[in-house]
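Chain by chain, the residues run as shown.
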Amino acid sequence: MKKLNKKLIERYSRQIVLKDIGVLGQKVICNSKVLIVGAGGLGCPVADYLSRAGVGTIGIADFDKISLSNIHRQSLYNSKDIGKFKVNVLKKKIKHINPYIKIKSFNKKITYKNLENIVKNFDIIVDGSDNFKTKFLLNSFSIKYKKILVVGAINKFDGHIFSFNFKNKKNACLKCFYQSEPSDDILNCEAEGILGPVAGTIGNIQANEVLKKILGIGKDLNNNILIINLLTLNFRKVFFKK
């Protein structure tokens with residue numbers, strides 16, 4: 001397990017002081033491995049806060065380049081980054097945020113053929129994708145390798161968050177909620193629109209759920225979906241069965 005020197009203790013001091021974390025909890029965070037699939041409106045805040053928290057190894061998978069329309073909600077990019085590959089920009093910026101962590105970038109489209117070799121090297125998988133094909137694929141491989149999966153989805157003023165711990169066979173999965181694969185039209189920001197802070201809010205909650213899972217603290221969303229509407233400020237949890 002990674003040791004904490006004086007610089008690291010100072011860097012993480014405001015969360016080390018939390019009784020649910022402490023030095024031992026921080027060591028667990030520093031030795032954790034998290035894969036983020038999708039480096040957009042959800043992936044940016046997840047990568048930002050997990051790197052600041054000290055997650056030891058962060059993987060980022062995405063094949064898109066940054067466009068002008070991304071800037072309003074994808075918080076780690078600016079106008080100078082337009083036209084560059086997201087994973088390359090994100091890797092560089094995260095290293096500036098926290099040089100003590102490892103970043104593994106995968107500049108490729110996630111498919112059935114390549115996902116297996118990626119997923120098995122991480123403890124927790126974060127879905128920040130914008131399509132249900134990828135979400136269901138991550139669901140399947142997370143079940144296969146008994147991983148923890150934290151899923152986010154955003155549309156207009158709404159956000160959905162799931163978390164699954166597939167080490168427990170009794171827990172439900174993404175297919176238990178959706179039954180069949182929904183149309184990607186409802187996740188189409190170009191057609192449907194999205195308010196920037198909605199993406200940031202949902203991504204930050206995903207990052208919070210990841211840290212809780214790493215530390216084994218608090219209540220989780222197993223067999224529940226958290227539904228948030230930031231226009232009406234309506235927050236609710238809905239239970240669903242396996």
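All figures in this text were calculated on a predicted structure; none of them were measured in a lab.

Caption draft 1: Looking closely at the overall build of the protein. In terms of regular secondary structure, the protein is built from 10 helices and eight strands. Against the globule reference of 18 Å for 242 residues, the protein gives a C-alpha radius of gyration of 17 Å, in line with a compact fold. Taking the principal axes of the C-alpha coordinates as reference, the protein spans close to 50 × 45 × 40 Å. Here the protein holds 242 residues, and the buried ones make up 53% of them. Sequence-distant contacts in the protein: of pairs separated by 6 or more residues, those separated by 24 or more amount to 64%. One way to put it: in the protein the 42 positive side-chain charges average out to a point 10 Å from where the 18 negative ones average out.

Caption draft 2: Fine view of the packing of aromatic side chains. Inspection of the entire model under this criterion finds 12 aromatic pairs. Ring plane angle 70 degrees and centroid distance 5.3 Å describe the contact between Phe-162 and Phe-177, whose orientation is recorded as edge-to-face. Of this pair, Phe-162 sits in strand S6 (residues 158-165) while Phe-177 is found in helix H8 (residues 174-178), placing the two residues 15 residues apart along the sequence. Taking 5.6 Å as the distance between ring centres and 10 degrees as the angle between the ring planes, the aromatic pair formed by Phe-164 and Phe-166 counts as stacked.

Caption draft 3: Structural detail: the pattern of salt bridges. If you walk through the whole model with that rule in mind, you get seven salt bridges. A salt bridge links Lys-213 to Asp-220, with the shortest nitrogen-to-oxygen separation between them at 3.8 Å.

Caption draft 4: Region of the structure containing the packing of helix H4 (residues 43-53) against helix H10 (residues 196-215). Two numbers describe how H4 lies on H10: the axes approach to 8 Å, and their chain directions differ by 40 degrees. Put simply, H4 runs oblique to H10. When the axes of H4 and H10 are compared, the crossing they make is right-handed. Between H4 and H10, the residues in contact are Pro-45, Val-46, Tyr-49, Leu-50 and Ala-53 and Ala-199, Gly-200, Gly-203, Asn-204, Gln-206, Ala-207, Val-210 and Leu-211, respectively. Within the contact of H4 with H10, the residues separate by chemical class into nine nonpolar, four polar and no charged.

Caption draft 5: Layout of H10. Helix length check: H10, at 20 residues, gives a terminal C-alpha distance of 29 Å against a target of 28 Å (1.5 Å per residue), a fit within 8%. In terms of residue burial, H10 counts as a mostly covered element, since 16 of its 20 residues are buried. Backbone geometry just after H10 places Gly-216 at a positive phi near 70 degrees.

Caption draft 6: Representation of the sheet that holds strand S1 (residues 33-37) within the structure. Sheet architecture is open: eight strands sit in the order S3-S2-S1-S4-S5-S6-S7-S8, paired in mixed fashion. Each end of this open sheet is capped by a strand with a single partner; those strands are strand S3 (102-106) and strand S8 (234-239). Along the sheet, successive strands turn relative to each other by an average axial angle of 15 degrees, direction set aside. Taken together, the four bridges between S6 and strand S7 (residues 224-229) define a ladder with antiparallel strand orientation. By the bridge assignment for S7, Asp-158 is matched with Asn-229. On the sheet, H4 packs against S1, strand S2 (57-61) and strand S4 (124-127) and is oriented at approximately 165 degrees with respect to S1. Lying over the sheet, H10 contacts S1, S4, strand S5 (148-155), S6 and S7, oriented at roughly 170 degrees with respect to S5.

Basis of the calculations
Residues numbered from 1 in each chain as written. Predicted model: local features only at pLDDT ≥ 70, side-chain atom pairs only at ≥ 80, totals over all residues. Heavy atoms only, no water. Helix = DSSP H or I, 4+ residues; strand = E, 2+ residues; numbered from the N terminus. Rg over C-alpha atoms; globule rule 2.2 N^0.38 Å. Buried < 20%, exposed > 50% of the residue type's maximum accessible area, 1.4 Å probe, protein only. Contact = heavy atoms within 4.5 Å. Lys, Arg positive; Asp, Glu negative; His and termini not counted. Charge placed at Lys NZ, Arg CZ, Asp CG, Glu CD. Phe/Tyr/Trp six-rings, centres within 6.5 Å; stacked < 30°, edge-to-face > 60°. Salt bridge = Lys/Arg side-chain N within 4 Å of Asp/Glu carboxyl O. Axes fitted to C-alpha atoms, helices over the stretch in contact; angles between N-to-C directions. Parallel < 35°, antiparallel > 145°, perpendicular 65-115°, else oblique. Left-handed = near helix turned anticlockwise from the far one by under 90°. Nonpolar A, V, L, I, M, F, W, Y, C, P; charged D, E, K, R; others polar. Expected span 1.5 Å × (residues − 1). Pairing = 2+ DSSP bridges.

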